[in-house]
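What follows is the residue order along each chain.
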Amino acid sequence: MADIALVRAVNTPDDTPGSEPRGYWNTVGDRLMHDRVTLGVSAVLLLIICLAVFAPWAATHDPLQGSVIRRLKPVGTPGFFLGTDETGRDIWSRLVYGGRLSLFCGIAPVVLATMIGGMLGLLAGIGGRLLNNLIMRVVDVFYAFPSVLLAIAICGVIGAGIGNTILSLTIVFIAPIVRVTESLTTQVKTRDFVEAARASAAPLLAIIRHQILPNVLGGILVYATSLVSISIILSAGLSFLGLGVTPPNPEWGLMLNALRQSIFVNPLVAALPGVAIVITSLCFNLLSDGLRSAMDIKLPS
Amino acid sequence: MIDRTRSAGSDPDRGGPAQPLLLVRDLKKHFPGRGRWLGRREMVQAVDGVSFSLAKGTALGVVGESGCGKSTTARLLVRLIKPDDGEVIFDGDAVGAPQGLTIRELRLQMQMVFQDSYSSLNPRATIADIIAFGPRTAKHLRPLHARERAERLLEQVGLRPSFFARRYPHELSGGQRQRVNIARALALEPRLLILDEAVSALDKSVEAQILNLLADLRRDLDLSYIFISHDLNVVRHVSDRVVVMYLGRIVEAGSVGEIFRRARHPYTQALLRAMPSMDPDCRTAAPPLIGDPPNPINPPSGCRFRTRCAFAEEVCARVSPRLDPIDNQHEVACHMAVPGSGHSCSVGSPDADD
Amino acid sequence: MARFVAFRLCHTVLILFGVSVVAFGLIHLIPGNPLDILLPPEAPKAVVDQLRAEFGFDKPLHVQYLAWVGRVLTGNLGTSVFTGLQVTHELLSALGNTLVLAVPAALLGFTLGTTFGTVAAFNHGRPLDKVFSVIAILGLSMPHYWLGIALVIVFAVLWNALPAAGMGGTGGLPTSWEEIQHMILPVVTLSMIPMGVIGRMVRSTVLEILSHEFPTGLRAKGLRSRQIVFHVLKNAAPPALAVMGLQLGYLLGGSILVETVFNWPGSGQFMNLAIFRRDIPVLQGTVLVLASLFVVINLLVDLVQALIDPRMRR
């Protein structure tokens, strides 16, 4: 008893060094700011998106207008600095306009799938065993199809077009997102602070909103970003096969297919749309990696 | 720090001073084990018939080794786990019964303080948010009022609100986090706090501070405690009554003085002997307990302690000893303490040397 | 272990059932009557009705499904509407051609990926690691069909060293140097993505293992580097195997794009043609077989994993 009485006098807790409180997201932001690779990649992405959004100003010609005499001009031709395609349309302009469709078809399905799949995954994680099994077994069935196969099969059946492409890709992506979300939710659900929240008689919705969701969103964001890079490649692939965007719309995958015939005549020009896809997809991949490292703060215990 | 913050809306003392605050009868919880999927499943008998009572304004210590069921019991009390059997009566009202308390009502009066681990606090929330979460969502306080209550509580547990309210858990030390845990538990103005290994993860000096804080709070806020720990020294300092658990059952219960000076159950005696002594003359080389704790899936028949007990006899394997009172307020579950039980050391048997 | 196997088998059967439902139901997603695709709009009603009865479209859906499943289980995947040939036979030979590409591509990709990944992990922080990481992530971000085109441009157009398309022979395993030449570009193209995925995965797994203390412990015991690498790889094997199984499945299911670029008569191109010709029996059969193969491969991978790593047996 004596030793405890001694300590009684020193009942003031030590203060941590006086710094501004940093929230989790602020800390993540700080780390991202110092990550040169991610910053560079984000800048490139921003550039690509701006070019796509402001296409009418960035393009030099009408992307839909071709001319037989100007077919397959090489890179560096005055006025058409990236050359022309097989019907004489300016490649730079088609790339820029194509960015709109390619980016849209790449990002939209992931956004939709994240909303739907995220909700389903949360439900599966939080709900009882029955609900979990119900949702996850159905997800297993969809997971049993390789994504390319499923996308092509669905698109092949419902037809080509932008809307159908987005629908098909959304369906393909819902399954992996549900899996990731469910796994994250289950991990968070068993942590002590969630138990503590349950013990405080709080309603379930409040627990989900304040305790579970904030801890799950980070992981989903990282995964969704990496999915965008796959989505861009897949949607271009669908167009490449003729199942996605229909001609004469400019889209990178579609351009790749059309120019394929021209590789013997002007190989460099034929490869350019692919370069655009690679750069964009690479940027999203690196962004996802950067986000993951920034969020993986080994906080002191 | 004398500050009665119990607001007018808290629950009045329904049962009166003589009514025990908590009465637990025959609580049972068996978990399904990983047995065969055809035929009978093995069951882990985590809590197997636990009964005790807690008087108002007192502190009950629960001791035992790892795996004895102390933490499961705690979670059964706050209904984080659903009991298989038994009843819990809080201030005269049965929990879960039609006329009694709903689980929500129970939780508003009985809160739990978790062991400090980093994961007991939401890493994405500020300290103030963490403490205010309960009042805001369970009691529907307005955000401003909840925030004010959170800051008052921070003050009470010894953390400066102006500094700590906006911080995040990872910026706090272990002792500070534990104060936050306590503040969070107090936010709903409970009458009973269950502290599950609340100081086990802290350094000794910090542990002392937290124990002092708990003592102050108990006095100022008229609380009752159930203090769970494997550390006998801590339990002795904090509790008025002590309950000793072994393999899901209570083997001995009594006041702090009785248990620590006149322990009757061999297991309790062994635990006490196992406490390291500061006096060099009192140190012993022989381990007080032999063997490992047996498997809770297949506990020994009869008295569960018999496989490690130096006094085990044939009656101990046949008959499970009940928790019988031997003195005023002192109960033991051992055949040796019960007259006429058939054990050679019990009172009334021809060979007893008592 | 036996319990785990039984459990997994039941699970797989359930999944296959689900797959068959999806494969069957796919064609009913087509807006309108499936028959409209086969017949011109002016076809007389009698012909329409006759065809409907012949194909069984007049019966309720679940009856159609059961009949179809019954036929599938006896090996009959139907008759191609377009060519009139047995789907099963055509599909199997096309699948064989795909395997001629997929297996070497898988082997190449896994070997390269594992090697690069391990080397990169052991050289963590040094330039070699960075170079490899760049290659790996490029491999992942690249549409492999584009890579195929690029390779064709370089090797077939500019240098005229390798053929640009086709199988060069009559199908089946390559029997001549010419046929092997035709294989080289498609195999390399296909191997890119597995190499990237496996490489990154192996690298991160090995790094994680190296961060534990037991390799240091091994070295303190006096083991030579080669032996340490062996131990580390043994630990890295289970998750790597799982990913490899997945990649093999993707190769089988997703080869369609590369096959289109190289005009390779494999199962992918088979399916592609079926889509454009609206050849429903072929489409259903191909989707079913490819997806089922994927499921079976995953099952085998899970079982092998459980064999190696006892922790996996739930």
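The structure displayed is predicted, hence computed values, not measured ones.

Peer 1: Kindly report on the overall build of chain A, identifying the contributing residues and their values.
Peer 2: From N to C terminus, chain A includes 12 helices and 0 strands. In terms of overall size, chain A is more extended than a compact globule, its C-alpha atoms giving a radius of gyration of 25 Å where 301 residues would be expected to give roughly 19 Å. Taken along the three principal axes of its C-alpha coordinates, chain A extends 100 × 50 × 30 Å. Residues counted as buried form 55% of the 301 residues belonging to chain A. When contacts within chain A are restricted to residue pairs at least 6 apart in sequence, long-range pairs at least 24 apart make up 73% of them. Here chain A displays about 13200 Å² of accessible surface, and carbon together with sulfur accounts for 69% of that area. In chain A, 20 positive and 17 negative side-chain charges are present, and the distance between their average locations comes to 8 Å.

Peer 1: Run through the overall build of chain C, naming residues and quoting values.
Peer 2: Summing up its helical and strand segments, chain C has 13 helices and 0 strands in all. In chain C, the succession of helices and strands from N to C terminus is α-α-α-α-α-α-α-α-α-α-α-α-α. A total of 314 residues make up chain C; the buried ones form 48% of that total. Taking the intrachain contacts of chain C between residues at least 6 apart in sequence as the baseline, contacts between residues at least 24 apart amount to 72%.

Peer 1: Break down helix α10 (residues 204–240) of chain A for me, with residues and values.
Peer 2: Residues and elements named next belong to chain A. With 37 residues, α10 should cover 54 Å at 1.5 Å per step; its first-to-last C-alpha distance of 47 Å lies more than 12% under that length. Roughly 50° is the biggest bend found in α10, and it falls at leucine 213, with proline proline 214 one to four residues downstream. Of all 37 residues that make up α10, 26 are buried, and the element is covered over most of its length. Looking at the residues trailing α10, positive phi occurs at glycine 242, about 90°.

Peer 1: Give a detailed account of the packing of aromatic side chains, specifying residues and quantitative values.
Peer 2: For the structure shown, the criterion picks out 7 aromatic pairs over all chains. Ring centres of tyrosine 246 of chain B and tyrosine 267 of chain B lie 4.6 Å apart, and the angle between their planes is 55°; this geometry places the pair in the tilted category. Taken together, the positions of tyrosine 246 of chain B in strand β9 (residues 241–246) and tyrosine 267 of chain B in helix α10 (residues 266–274) put the pair 21 residues apart, joining distant regions of the chain. The two residues tyrosine 246 of chain B and tyrosine 267 of chain B agree in class, both being buried. An angle of 35° between the planes, with centres 5.6 Å apart, marks the rings of tyrosine 250 of chain C and phenylalanine 294 of chain C as tilted. Of the two residues, tyrosine 250 of chain C is situated in helix α10 (residues 225–253) and phenylalanine 294 of chain C in helix α13 (residues 280–308); the sequence distance between them amounts to 44 residues. Among the aromatic residues, ring-to-ring pairing joins Tyr246, Tyr267 and Phe305 of chain B into one connected group.

Peer 1: Break down the pairing of β9 of chain B for me, with residues and values.
Peer 2: All names here are of chain B. By the criterion of burial, β9 is predominantly enclosed, with 5 of the 6 residues buried. Across 4 bridges, strand β3 (residues 59–63) lies against β9 in parallel orientation. Across the sheet, residue glycine 61 finds its bridge partner in β9, namely valine 242. For β9 and strand β10 (residues 249–255), the ladder comprises 6 bridges, and the chain directions are antiparallel. Residue pairing across strands places valine 242 opposite glycine 254, the latter belonging to β10. Linkage of β9 to β10, two consecutive antiparallel strands, is achieved through a turn of 2 residues, within which leucine 247 is found at a positive phi near 50°.

Peer 1: Before we move on, could you go through the pattern of salt bridges and cite the residues and values that matter?
Peer 2: Residue and element names in this part refer to chain B. Per the stated rule, a full pass over the model turns up 29 salt bridges over all chains. The closest approach of N and O atoms between arginine 75 and aspartate 196, which form a salt bridge, is 3.0 Å. Note that arginine 75 is positioned in helix α1 (residues 70–77) and aspartate 196 in strand β7 (residues 192–196), a separation of 121 residues in sequence. With respect to class, arginine 75 is no different from aspartate 196; both count as buried. A salt bridge links arginine 167 to glutamate 171, with the nearest nitrogen and oxygen atoms 3.4 Å apart. Across the pair, exposure class does not vary: arginine 167 and glutamate 171 are buried alike.

Peer 1: Can you explain the sheet that holds β10 of chain B? Please cite residues and give values.
Peer 2: All names here are of chain B. As summarised here, the arrangement of the 8 strands in space is β6-β7-β8-β3-β9-β10-β12-β11, forming an open sheet in which the pairing is mixed. Whereas interior strands pair on both sides, the edge strands pair on one side only; in this sheet they are β6 (110–113) and β11 (324–327). In this sheet, adjacent strand axes meet at a mean angle of 20° when their direction is disregarded. Relative to strand β12 (residues 330–332), β10 runs antiparallel, the two sharing 2 bridges. The residue of β12 that forms the bridge with alanine 253 is glutamate 331.

Peer 1: An account of the sheet that holds strand β1 (residues 22–32) of chain B is requested, with residue identities and associated values reported.
Peer 2: Residues and elements named next belong to chain B. Spatial ordering of the open sheet is given by β2-β1-β4-β5, a layout of 4 strands whose pairing is antiparallel. The two strands at the open ends of the sheet, each matched to only one other strand, are β2 (43–54) and β5 (93–94). Pairing between strand β4 (residues 85–90) and β5: 2 bridges, direction antiparallel. Directly across from phenylalanine 90, in β5, lies its bridge partner aspartate 93. In the packing of α1 onto the sheet, contacts are made with β1, β2 and β4, and the angle to β1 comes to roughly 115°.

Peer 1: Account for the nonpolar core, naming residues and giving values.
Peer 2: Within the largest apolar cluster, 135 residues are counted, with the highest numbers of intra-cluster contacts made by Ile91, Phe145, Ile152 and Phe173 of chain A together with Val19, Tyr145 and Val287 of chain C. If you tally residues by element for this core, the top one is helix α5 (residues 87–122) of chain C, at 11 residues. In this structure tyrosine 145 of chain C touches Ile233, Ala236, Gly237, Phe240 and Leu256 of chain A together with Leu257 and Val261 of chain C, once residues within four positions along its chain are discounted. If you look at the next biggest cluster of nonpolar residues, it comprises 64 residues, including Leu186, Leu195, Leu221 and Cys303 of chain B.

Peer 1: Which residues make up the pairing of β6 of chain B, and what values go with them?
Peer 2: Residues and elements named next belong to chain B. Of the two faces of β6, the one carrying Met110 and Met112 and the one carrying Gln111 and Val113 are both buried. Pairing between β6 and β7: 4 bridges, direction parallel. Residue methionine 112 lies in a different strand from β7, and its bridge partner there is isoleucine 194.

Peer 1: Provide a residue-level description of the interface of chain A and chain C, including the pertinent values.
Peer 2: On the side of chain C, 42 residues touch chain A, which itself brings 38 residues to the contact. Between chain A and chain C, a total of about 3700 Å² is buried, with carbon and sulfur atoms accounting for 80% of that surface. In terms of surface lost to chain C, no three residues of chain A exceed Leu149, Val157 and Leu241 of chain A, which account for 16% of the buried area on that side. Arginine 200 of chain C is paired through a salt bridge with aspartate 289 of chain A; the nearest N and O atoms lie 3.1 Å apart. Inspection of the region where chain A meets chain C yields 7 residue pairs in polar contact (both at pLDDT 80 or more).

Peer 1: If you had to explain a nonpolar patch on the surface to someone new, which residues and values would you point to?
Peer 2: Residues and elements named next belong to chain A. Where nonpolar side chains cluster on the molecular surface, the patch consists of Val111, Leu112, Met115, Ile116, Leu120, Leu123, Leu131 and Leu134 and spans about 670 Å² of accessible area. Of all the secondary-structure elements, those providing two or more residues to the nonpolar patch are α5 (91–126) and α6 (129–143). With 6 residues, α5 is the single largest residue contributor to the nonpolar patch.

Peer 1: Account for the side chain of aspartate 196 of chain B, naming residues and giving values.
Peer 2: All names here are of chain B. Residue aspartate 196 is classed as buried on the basis of its relative accessible area, which comes to 5%. Of the polar contacts made by the side chain of aspartate 196, one reaches the side chain of serine 71; its length is 3.0 Å. Those residues in contact with aspartate 196, other than ones at most four positions away along the chain, are Ser71, Arg75, Met112, Val113, Phe114, Gln115 and Ile228.

Peer 1: Could you give an account of the packing of α5 of chain C against α13 of chain C, naming the residues involved and the relevant values?
Peer 2: When two helices pack together, you describe them by how their axes are tilted relative to each other and by the distance separating the axes. Residue and element names in this part refer to chain C. Running from N to C, α5 and α13 point in directions that differ by 50°, and their axes come no closer than 10 Å. The pairing of α5 with α13 is recorded here as oblique in orientation. Considering the relative orientation of α5 and α13, their crossing is right-handed. Of α13, the residues touching α5 (which contributes Val87, Leu91 and Leu95) are Pro281, Val282, Gly285, Thr286, Val289, Leu290 and Leu293. In terms of residue class, the contact of α5 with α13 is made up of 8 nonpolar, 2 polar and no charged.

Scoring rules and cut-offs
Residues numbered from 1 in each chain as written. Chains lettered and ligands numbered in written order. Predicted model: local features only at pLDDT ≥ 70, side-chain atom pairs only at ≥ 80, totals over all residues. Heavy atoms only, no water. Helix = DSSP H or I, 4+ residues; strand = E, 2+ residues; numbered from the N terminus. Rg over C-alpha atoms; globule rule 2.2 N^0.38 Å. Buried < 20%, exposed > 50% of the residue type's maximum accessible area, 1.4 Å probe, protein only. Contact = heavy atoms within 4.5 Å. Areas by Shrake-Rupley, 256 points an atom, 1.4 Å probe, with all protein chains shown as cover. Lys, Arg positive; Asp, Glu negative; His and termini not counted. Charge placed at Lys NZ, Arg CZ, Asp CG, Glu CD. Expected span 1.5 Å × (residues − 1). Bend = angle between axes of the 7 residues up to and from the residue. Phe/Tyr/Trp six-rings, centres within 6.5 Å; stacked < 30°, edge-to-face > 60°. Pairing = 2+ DSSP bridges. Salt bridge = Lys/Arg side-chain N within 4 Å of Asp/Glu carboxyl O. Axes fitted to C-alpha atoms, helices over the stretch in contact; angles between N-to-C directions. Core = buried A, V, L, I, M, F, W, Y, C linked by side-chain atoms within 4.5 Å. Buried area = accessible area lost by both parts, 1.4 Å probe. Polar contact = N/O pair within 3.5 Å; in protein donor to acceptor, adjacent residues only side chain to side chain. Patch = residues over 30% accessible without salt bridge, like charges linked within 9 Å, V, L, I, M, F, W, Y side chains within 5 Å. Parallel < 35°, antiparallel > 145°, perpendicular 65-115°, else oblique. Left-handed = near helix turned anticlockwise from the far one by under 90°. Nonpolar A, V, L, I, M, F, W, Y, C, P; charged D, E, K, R; others polar.

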